[in-house]
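Residue-level listing of the chains:
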Amino acid sequence: MDAGSDGMGAVPTSFWRSADAAERLARLDRPGFAAEFLRRNADYRRDYRRTARAIAAGRLTAEDGGGALARRWGCLCAPDPDAPTGSGHVLWLANASPETLMLDAAPPAAGAPPPLDLEGIDGILADLRHDGRRHLALQDRAGDIHIALLAHDALHRPAAVLPIDEALELRIDALRRLARLARGGGAPPPPPPPTPPHPPPPNKNNNYQQHQQSRGRARAPPTPP
């Protein structure tokens, strides 16, 4: 954690306006975009610098200081505000990220659901522990999947916890994508673009009749008054 200079938390213009930053921002999903807003927040930048100086001075340990900073801002690991756009991976607390998928151990009444084998899933972007719980980020073509494991055996008997609120559809979408990953797939490829309709072939008979009609109208004598 770099203490840097406190200043007024000013954000370099290049954070938003450079072509490279714009291209990286366009590739981010919602949690990644939220992380970029956090890194550009002036209050967060000042908080990050103060915490870094306290750690450097020995008033805080890196674990305690960095952990407290991250929790104040709703994430598991405080991102460096001066890192390049889109670098690293920020895992959010479940109560701060509505699309985080929460997995618990299935109750006995649910039978024996198949275990979730992480060894068969490519692209584990992050694997952290916070407050005794494991948090994962899995890469998916349709957007990274963030998972909070509520029990130590949640991967062995996985059951999704889906609160019925305004974020329900986001969690259901994450659950569907996780199921595809577990089956060895990913996001389905986008449908091909629609084929433009072809114009009908010319009708030679119709063209000939129209030509004859136009000639007849051109040669018709004027109607007497």
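That block above? That's the structure.
Conventions used here
Residues numbered from 1 in each chain as written. Predicted model: local features only at pLDDT ≥ 70, side-chain atom pairs only at ≥ 80, totals over all residues. Heavy atoms only, no water. Core = buried A, V, L, I, M, F, W, Y, C linked by side-chain atoms within 4.5 Å. Buried < 20%, exposed > 50% of the residue type's maximum accessible area, 1.4 Å probe, protein only. Contact = heavy atoms within 4.5 Å. Axes fitted to C-alpha atoms, helices over the stretch in contact; angles between N-to-C directions. Helix = DSSP H or I, 4+ residues; strand = E, 2+ residues; numbered from the N terminus. Parallel < 35°, antiparallel > 145°, perpendicular 65-115°, else oblique. Left-handed = near helix turned anticlockwise from the far one by under 90°. Nonpolar A, V, L, I, M, F, W, Y, C, P; charged D, E, K, R; others polar.

A. Quick peek at the nonpolar core. Counting residues in hydrophobic clusters, the biggest one holds 15 residues, and the most contacted among them are Leu103, Leu138, Ile147, Leu149 and Leu178. Beyond its immediate stretch of four places on either side in the chain, leucine 149 contacts Leu103, Arg133, Arg134, Leu136, Ala154 and Leu155. Ranked by size, the runner-up nonpolar core spans 10 residues in total, among them Tyr48, Leu69, Ala70 and Cys75.

B. A look at the packing of helix α4 (residues 42-56) against helix α5 (residues 62-72). Where α4 contacts α5, the axes come no closer than 9 Å and their chain directions differ by 165 degrees. In terms of their interaxial angle, α4 and α5 are classed as roughly antiparallel. Where α4 crosses over α5, the two elements pack in a sense that is right-handed. Here α4 contributes Tyr44, Asp47, Tyr48, Thr51 and Ile55 to the contact with α5, which in turn contributes Ala62, Gly65, Gly66, Leu69 and Arg72. For the contact of α4 with α5, a count of residues per class yields five nonpolar, three polar and two charged.

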